[in-house]
Amino acid sequence: MGEVKEKKASKPDETSEEGIPGVITTTTSAISDLLKKTKVQDLINWGRKNSLWFMTQPMGCCGVEMIAMGCAHYDTDRFGIIPRNSPRQADVMLISGYVTKKYLPALKRLWEQMPSPKWVMCIGDCSISGGPFYESYSTVQNIDEIFPIDVFVPGCPPRPEAMLQGFVELQEKIKAKKDLGSEY
Amino acid sequence: MDVAEILKSLTDAFPEAISEATAESEIRAGSYVDKDKVKKVCQYLKDSLQFDHLCSVCGVDYIKRNELEVVYHIASYNHPVVLTLKARLPRENPEIESIVSVYWNANWYERETYELFGILFENHPNLKSLVLPEDMLGEWPLRKDYEGFPNKTARNLV
């Protein structure tokens, strides 16, 4: 148990064998660091990938497709993908439109309000490259330098099936431990 | 009221302020106005000529003539004529009187013209940026010599 810290006794240079037997203290980060090296992480990732709740934060016309994806017709609930209204309950943020210089601080704030582990997907050409507004005076370019983006879904706007496939790709990345949202 | 009648009334009332008054068709009229008299002209248009609907206020940058123009489109609910009123401003220090006290809906139009062209509207009740972030004030992005366009192409497509 390499990362687990022994309880500090009177002498700080005590080895673990000399501590109080049966009493150890640890931190949650130490536990999660330990679990990342074991098979338990596979089980945790299986749970995470089947409950990807996304934040309903539409930013452009792709946001309409995003809402359509979350509704009953495409039924993302069968993959465990549920729209949530609060960033504090969400796992996935969808950037679904061009990001202006005025909106970027608010978007960063939403991203910081989401609890970890969290993922972010780029929906549509506007958020990937700027789209028709790529050279505008108020558009932020290269959004992937600001957020750790796992999946890009191109389209103008992409169909709800394409977004759904993007979610499935994200699930595959999480299952393979290749996603950027959690550190391994 | 038809176009000729309106233009004659306007030119007679302000013989010095109104110039190049032309009737483009039966429903479109255009004229230049002196920038110091724009509020009085608008008041006269509203009170006497039934121009009670301000459609838009916008700006144009003529960089070769070293001039900015403010363009007002004013229409009426009673007759079909739309008047295009233009005012020439120097490019170095563009200032013009606000017409919010005549047409109240000029408020946001003038704020947007201010943030995009840097045209100062005197006596405007709340002259600050409308859509752009506050720290972009002073860049005036719709002027022809604006240099601040982003130049990083998207790496994901190249």
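Rules used in this analysis
- Residues numbered from 1 in each chain as written.
- Chains lettered and ligands numbered in written order.
- Predicted model: local features only at pLDDT ≥ 70, side-chain atom pairs only at ≥ 80, totals over all residues.
- Heavy atoms only, no water.
- Helix = DSSP H or I, 4+ residues; strand = E, 2+ residues; numbered from the N terminus.
- Contact = heavy atoms within 4.5 Å.
- Polar contact = N/O pair within 3.5 Å; in protein donor to acceptor, adjacent residues only side chain to side chain.
- Expected span 1.5 Å × (residues − 1).
- Buried < 20%, exposed > 50% of the residue type's maximum accessible area, 1.4 Å probe, protein only.
- UniProt positions renumbered as here; feature names shortened; annotations may be inferred.
- Core = buried A, V, L, I, M, F, W, Y, C linked by side-chain atoms within 4.5 Å.
- Phe/Tyr/Trp six-rings, centres within 6.5 Å; stacked < 30°, edge-to-face > 60°.

The next point concerns unusual backbone geometry. Residue P117 of chain A is bonded to the preceding S116 of chain A through a cis peptide linkage, with omega at 0°. For P117 of chain A, the location among the structural elements is in the loop between α4 (104-113) and β4 (119-123). Following C156 of chain A, the chain continues to P157 of chain A via a peptide bond in cis, the omega torsion being -10°. Mapped onto the elements, P157 of chain A comes out in the loop between β5 (149-153) and α6 (160-175). Phi angles above zero are rare outside glycine, and N123 of chain B is one such case at about 65°. Secondary-structure assignment places N123 of chain B in the segment after β7 (120-122).

Residues and elements named next belong to chain B. Structurally, H124 can be placed in the segment after β7. Remark: the alpha-carbon pair of H124 and K35, spanning 89 residues in sequence, is separated by 15 Å. Setting aside residues up to four positions removed in sequence, H124 forms contacts with S98, V100, N107, E110 and R111. Here the side chain of H124 touches L127 through a polar contact of 3.4 Å, landing on its backbone nitrogen.

Our next topic: helix α3 (residues 106-117) of chain B. Residue and element names in this part refer to chain B. In this model α3 runs 16 Å from its N-terminal to its C-terminal C-alpha over 12 residues, within 8% of the 16 Å that 1.5 Å per residue would give. All of the buried residues along α3 are A106, N107, E110, R111, T113, Y114, E115, L116 and F117. Looking at the buried side of α3, the elements it contacts are β3 (53-62), β4 (67-75) and β7. Directly beyond the C-terminal end of α3, a positive phi value near 75° is found at G118.

Our next topic: the UniProt feature "domain: NADH:ubiquinone oxidoreductase 30kDa subunit" (unreviewed entry) in chain B. Residues annotated by UniProt as "domain: NADH:ubiquinone oxidoreductase 30kDa subunit" (unreviewed entry) correspond here to residues 32-148 of chain B. End C-alpha to end C-alpha, residues 32-148 of chain B measures 32 Å, and it is 20% helix and 31% strand.

Our focus in this paragraph is the nonpolar core. Residue and element names in this part refer to chain B. Core analysis: the largest hydrophobic core is formed by 42 residues, its most contacted members being L45, F51, Y72, I74, L85, I96 and Y103. Within the residue set of this core, elements represented by two or more residues are α1 (3-13), β2 (28-33), α2 (38-48), β3, β4, β5 (82-90) and α3. If we skip the residues at most four places from it in the chain, Y72 touches V38, L54, S56, V57, L83, T84, L85, I96, E97, I99 and F121.

With that settled, the discussion passes to the side chain of T113 of chain B. Residues and elements named next belong to chain B. Along the polypeptide, T113 turns up in helix α3. A relative accessible area of 3% means that T113 is categorised as buried. Once residues within four sequence positions are removed from consideration, T113 is found in contact with V57, C58, G59, G118, I119 and F121.

Turning next to the packing of aromatic side chains. Counting across every chain of the model gives 7 aromatic pairs over all chains. Look at W111 of chain A and F147 of chain A: their rings are 5.9 Å apart centre to centre, the planes differ by 80°, and that puts the pair in the edge-to-face class. Placement of W111 of chain A in helix α4 and of F147 of chain A in the loop between α5 (124-129) and β5 is noted, with a sequence separation of 36 residues between them. Comparing W111 of chain A with F147 of chain A shows no difference in burial state: the two are buried. Aromatic pair F14 of chain B and Y44 of chain B: ring centres 5.5 Å apart, planes at 80°, arrangement edge-to-face.

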